[in-house]
Amino acid sequence: GGGVLMRGREFTLPVRGTCAYPHMSQNVNNLYYKKIRAPPPSMIVRKQYVMSREMFEFGPLLVGKDKEDYKTKYEENREKFRITNNGHFDMHLDFCFRNDTDGSVFVVEPEELDLAVDQTMDVTVFAFTEQEGEFKDQLVCNIRDNPEPVSIPLSCIGSSPTIITDIEPPMDDEGNMIEGAPLKLEFQRLLLKRKDVREVKLTNPSLLPTKWHLSGAGEEEEFNTGKEFSIYPTEGLLQPKQSEILTIGFKAMEKNTFEKPMEVHWVDEAELLPEDKRKNMSILLTAEAYEIDFTFKFSETSEYDGLDFRTVKVVDGRPPQENEAGELEVKEVTQQSLRIVNNGKYKVGYRFAFARPKKSIAARYFDVQTVGADGKTVDEEGKANGPSGELEPESEAEMRVFFNGYDQTGAEEVDFKDNTELRCHVSELLTKEDIFITPISINVKSVFSKYRILPQKGVAFGALTYDTSRTRNFDIVNQGEFEFAFTIVCITKAMRSRPGTAAARVVSELRESDEGEPTSDGSGIKFGNFTVSPYKGTVSPNGEKTTITVNFDAVGQAQFFEMIGIQVDDRDPSEDTLGQPYELSGESCVPGIVTNDFLQIFEEAAVSRKPPSDPNEILRNIFIEEDRVFHFGPRLVGSRSETRIKIVNPTKVPVTVNLEVLAKGGQEIKFEILEKQLQLPMHEHRYATVYFTPDGLQQFHATLEATVENGTDERTRHLALDLRGEGTLPRVTIRAPTSRNEAGQALVAFKRLLVGKHQPIQITI
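Residues numbered from 1 in each chain as written. Predicted model: local features only at pLDDT ≥ 70, side-chain atom pairs only at ≥ 80, totals over all residues. Heavy atoms only, no water.

Peer 1: For this particular structure, what's the right way to read the nonpolar core?
Peer 2: Counting residues in hydrophobic clusters, the biggest one holds 30 residues, and the most contacted among them are Phe294, Phe296, Leu307, Leu338, Ile340, Phe352 and Phe366. Taken together, the elements giving at least two residues each to this core come down to strand 23 (294-297), strand 24 (307-313), strand 27 (335-342), strand 28 (348-354), strand 29 (366-370), strand 31 (395-403), strand 32 (414-428) and strand 33 (433-447). Here this core gets five residues from one element, more than from any other, and that element is strand 32. Among the nonpolar cores identified, the runner-up in size contains 29 residues, and Phe630, Ile645, Leu721 and Leu723 belong to it. (Core = buried A, V, L, I, M, F, W, Y, C linked by side-chain atoms within 4.5 Å. Buried < 20%, exposed > 50% of the residue type's maximum accessible area, 1.4 Å probe, protein only. Helix = DSSP H or I, 4+ residues; strand = E, 2+ residues; numbered from the N terminus.)

Peer 1: What am I meant to see in the sheet that holds strand 48 (residues 641-648) here?
Peer 2: Hydrogen bonding along the main chain pairs the strands of a sheet, whether they run parallel or antiparallel. Taken together, three strands build an open sheet; the order of strands is 48-52-50 and the sheet is antiparallel. The open sheet has two edge strands with one neighbour each: strand 48 and strand 50 (671-673). Going across the sheet, the axis of each strand differs from the next one's by a mean of 25°, ignoring polarity. Note that strand 50 and strand 52 (residues 685-692) share three bridges and pair antiparallel. (Pairing = 2+ DSSP bridges. Axes fitted to C-alpha atoms, helices over the stretch in contact; angles between N-to-C directions.)

Peer 1: Before we go on, may I ask you to explain the state of the cysteines in this structure?
Peer 2: Two cysteines whose sulfur atoms are joined by a covalent bond form what is called a disulfide. One pass over the full model with this rule turns up zero disulfides. Unpaired in terms of disulfides, cysteine 141 finds its nearest cysteine sulfur in cysteine 96, a separation of 8.6 Å. Exposure remark for cysteine 141: the relative accessible area of 0% places this residue in the buried category. (Disulfide = S-S within 2.5 Å.)

Peer 1: Help me understand the pattern of salt bridges in this model?
Peer 2: A side chain with one charge may pair with a side chain of the opposite charge, provided their charged atoms come close. Applying the stated criterion to the full structure yields 29 salt bridges. Salt-bridge contacts for aspartate 475 lead to lysine 545; the nearest nitrogen and oxygen are separated by 3.4 Å. One end of the pair, aspartate 475, is in strand 36 (residues 469-478); the other, lysine 545, is in strand 42 (residues 545-553), and 70 residues separate them in sequence. By relative accessible area, lysine 545 is classed as exposed at 51%. When the shortest N-O distance is used, the salt bridge between aspartate 695 and lysine 670 registers 2.5 Å. Taken together, the positions of aspartate 695 in the loop between strand 52 and strand 53 (699-708) and lysine 670 in the loop between strand 49 (655-663) and strand 50 put the pair 25 residues apart, joining distant regions of the chain. The class of lysine 670 is buried, set by a relative accessible area of 14%. Residues joined by salt bridges that share partners form a network here, namely Lys297, Arg339, Glu396, Glu398 and Arg400. (Salt bridge = Lys/Arg side-chain N within 4 Å of Asp/Glu carboxyl O.)

Below is the structure:
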């Protein structure tokens, strides 16, 4: 500010100025077209500004593509930035990079800009790298006449499409990888008419989508033509870090040895890489199909190439039991036979054994024996023939395999699918050398009875009025593959479980045992107040069900609880030794109403424990508990007054209440109630309206009674109280002045007054 002197007077003149540099907007919402706040760690960012890292990221860029005209050919290599002059002056900017001064990776166009105030223009930054790796730099915006430049952080990642496999590379004797040698995928020797599958995992470890295809695996090379080899898929696209399984199948059709060279070729998704920069990987596939003169014959009734026990019950896997003749008897479902055939010219030895018998799981469940000429697996002395022997040329022998799963595992379910731990060793007798080992596939699944109870937790009947009954159902569903039988028993005492509360007596505790009482027709059984029918039967497999009916008889005021056990034959004995616990509960209730809580009953009127001490106090719309009297108070003759009485059902069952107004003292009833009967659902209330219509100048009395139908509890079945009211007419009395004339009328007597004076006299009515 400054002062101005004019004709001897001083005036103040405010002066203000602004000093600023030219500057550009640095708001990320204005500067960048694409933004992301905080990408997840697994996300690959492409051409976006990452706020959490304060960096504009071009993301992965393909290395090796043609650089000619890259500024116009490749959209992924360029990005625009919005430059805005939000200062007070025109602005000139020069652009350069902090590190990349020769433009080997980053290039900006144009290299300078002139912007008027509030003008916006775009600059384009190009990122092109010819090497793999991450490159970071800053686009420096130098503003003329502003000593503080603005920097825009940039990054890009040079990446090349790559594919790796899980095939172990070939090694020399010293453990070093052999350069240039193809990867070997070997099929082991395979018997004729057998199949084998190998899986190769192709993985893209790069940051770019990679397109791949196989060469040397087409129909010309006899792949996927119905002959020995099949392969799928033969081409595909792998996203960054994605893997795909290459499935190669080999089927031994004719005796032969195979070597199949093939190559995996890959390129970027858009196929921008030139041919000389595209890569491939060589894989050598080897396999052998062979035959021997020792063959096996499995059951002709099954298509399975092995021993197929199918699905059996766990209890069927019990050890052999003696029959009435004293002979050991084995169930047919737990034994399978196969025949071994020697088609050669010489005697051979055979031996059935499990691979790694000490660690083999299957060895615990199966036993292999040779069947003698008499059709038995034991000799005359009762000694087992054993799993080994000698087989003459052009002859065959029968082998019998027993499934003994019950006693070995302590009754557990087992499931062997295509298990090949059982091996047949064929040996040359002179040298005792195993010349052939054939795995024997075994399928067996032993199961317990599978079932489900619906509803699952139990049947709750809720509250019932005493001396009534209710019926409900539950289902036993067979979810297994075999029919089972069931029996329902009571296990309340055995479980020692009681859900009762302190306020309710659990009647099941009074019984001394869990023995049930059969019904007259024998189809059901009664446990306490619950009758279950049927209590035994069978259920067919595969989702079939049997419906069980439970009837509950309510008696008195009590809670009832029973725990029944649903015992299913052939179930897992470790789960519930007493059977599947299932709760049955119900409650028998006596209907009643609230009879002693007058604050609830007369919630719309005043309630007092005792009469007032002043005998002249007028009682109006009030209930006196000590007298059990409701006072309407004085009412005009011919007028109609009313009050509402709340009838409350505190029980768990509906109640029916009959209401009646009775005369008292021989008077005519001037009280009336319209609701002669009320229906109250459980834990609810209803209002009854009592009307009082006096027809004379006197006091009126009556009795109101509310009685619960079928109520047996004297505390809750009956509500009785008196009703009182008084008929009256309106009237007034002159209390002042007290002087009266000869006619008895009130006299207002003024004194003699001078003119202009006045005297007030008050009249009290």
